[in-house]
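Descriptive analysis of the structure
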Amino acid sequence: MKCLTIQPKRFNQHFPDSGFTLQHHLASLGAFALPALLALSRRMPADSVEYNAGTLVPGQDPAATPRNGLSIEETIERIEHCQSWLVLKHVEREPIYKALLDACLDELYPHAAQSLSGLHDRAAFIFITSPDSVTPFHFDPEYNFLLQIRGEKTMHQFDKYDRGILPEAAIEEKYVYASSHRNQPFQEAFQAKAHTFTLKPGDGLFVPINAPHWVQNGKEVSVSFSITFHSEQSDRIARLYKLNGLLRRKLGITPTPVGQQPRKDALKHGGIMALRQLKSLWV
Ligand SMILES: [Fe+2]
């Protein structure tokens, strides 16, 4: 089964730095129908399901994110009317979703490998959201192809290099404290710089690592399949941000932003890897 339709020229123009759309052929699969997702949610460990009320704003204060007062099962059963947002994390633990993830990434990897190396850590997530719900402004540390299965979803994506929108220290924070909340402060003035993509069933969208975005659901229930991976380059970026974050917080130094001085980055990264090597010899 062919999962994706990729336009190589468009892929190469944008990947891995900016968003672009492609087409997929998964929208009619029974594995993504609500009864199948309800059954899946019952098999998932509780800590792999995150959900809350979906009546949020782009700049939502994470501490004030409202619960929806329902169980996971009730949330999925009533998703059309309960104004909620729910994600099933790491669904690749289930054979059918692992097979779909692998099939999609096997098609994507030859294209991605033209600009990246060492592609690894495949993972899949399923988002189930009520009409009109909002995913607040945030960024993610992995390459993500968001495949829209059901309903309409509009993603507002921002330049990953615009530090007026996402400060260097906010990125560092994410890598130092992996468990820190994903929401970022949002200002209305940012919106003029958004690249806006409206996805219908069959559409897919690439979301670059560290490219901030927020999502507005359409007027129907939405189901999206998110397939993610990492690379040697994203691992390197993660190590550099983590080091810079520690330098800033522990030593009060303002580090040179990642990517601004490649030679400095290379020195830092060489140091990190040498230390890791030493540590592994020591144990
Ligand atoms: Fe995201």
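Residues numbered from 1 in each chain as written. Predicted model: local features only at pLDDT ≥ 70, side-chain atom pairs only at ≥ 80, totals over all residues. Heavy atoms only, no water.

Overview of the coordination of the iron ion
At the metal site, the iron ion is ligated by His 138 (NE2), Asp 140 (OD) and His 213 (NE2), and these contacts range over 2.1 to 2.2 Å. The sequence pattern describing where the donors of the iron ion fall on their chain is H-x1-D-x72-H. Of the two residues, His 138 sits in strand β6 (residues 134–138) while His 213 sits in strand β11 (residues 213–217), which places them 75 residues apart along the sequence. Judged by relative accessible area, which is 6%, His 138 ranks as buried. Judged by relative accessible area, which is 3%, His 213 ranks as buried. (Donors = N, O, S within 2.8 Å, 3.2 Å for Na, K, Ca; no water. Helix = DSSP H or I, 4+ residues; strand = E, 2+ residues; numbered from the N terminus. Buried < 20%, exposed > 50% of the residue type's maximum accessible area, 1.4 Å probe, protein only.)

Considering helix α6 (residues 232–251)
Think of an α-helix as 3.6 residues a turn; residues three or four steps apart then line up on the same face. End to end, α6 covers 28 Å across 20 residues, agreeing with the expected 28 Å (1.5 Å per residue, within 8%). Where α6 is concerned, the buried positions are Ser 234, Arg 239, Leu 240, Tyr 241, Asn 244 and Gly 245. Two to three positions downstream of the cap, the backbone nitrogen of Gln 233 sits 3.2 Å from a side-chain oxygen, assigning the N-cap of α6 to Ser 231. Just past α6, the residue Gly 252 takes up positive phi, approximately 70 degrees. (Expected span 1.5 Å × (residues − 1). Polar contact = N/O pair within 3.5 Å; in protein donor to acceptor, adjacent residues only side chain to side chain.)

Considerations on the domain arrangement of the protein chain
In many analyses, interface size is given as the accessible surface area lost on bringing the parts together. According to the domain assignment, the protein chain contains domain 1 (4–232) and domain 2 (235–281). In this complex, domain 1 contributes 15 residues to the contact, which on the side of domain 2 involves 14 residues. Summing the contributions of domain 1 and of domain 2, the shared interface buries around 1,200 Å²; its carbon and sulfur component is 53%. Three residues, Glu 168, Glu 172 and Tyr 175, lead the burial of domain 1 against domain 2; their summed loss comes to 46% of the area buried on that side. Summed over the shared surface of domain 1 and domain 2, the result is three salt bridges. Here Glu 172 ties to Arg 249 by a salt bridge, and the two come within 3.6 Å at their closest N and O atoms. Our enumeration of links across domain 1 and domain 2 arrives at eight residue pairs in polar contact (both at pLDDT 80 or more). (Domains from an automatic or database assignment. Contact = heavy atoms within 4.5 Å. Buried area = accessible area lost by both parts, 1.4 Å probe. Salt bridge = Lys/Arg side-chain N within 4 Å of Asp/Glu carboxyl O.)

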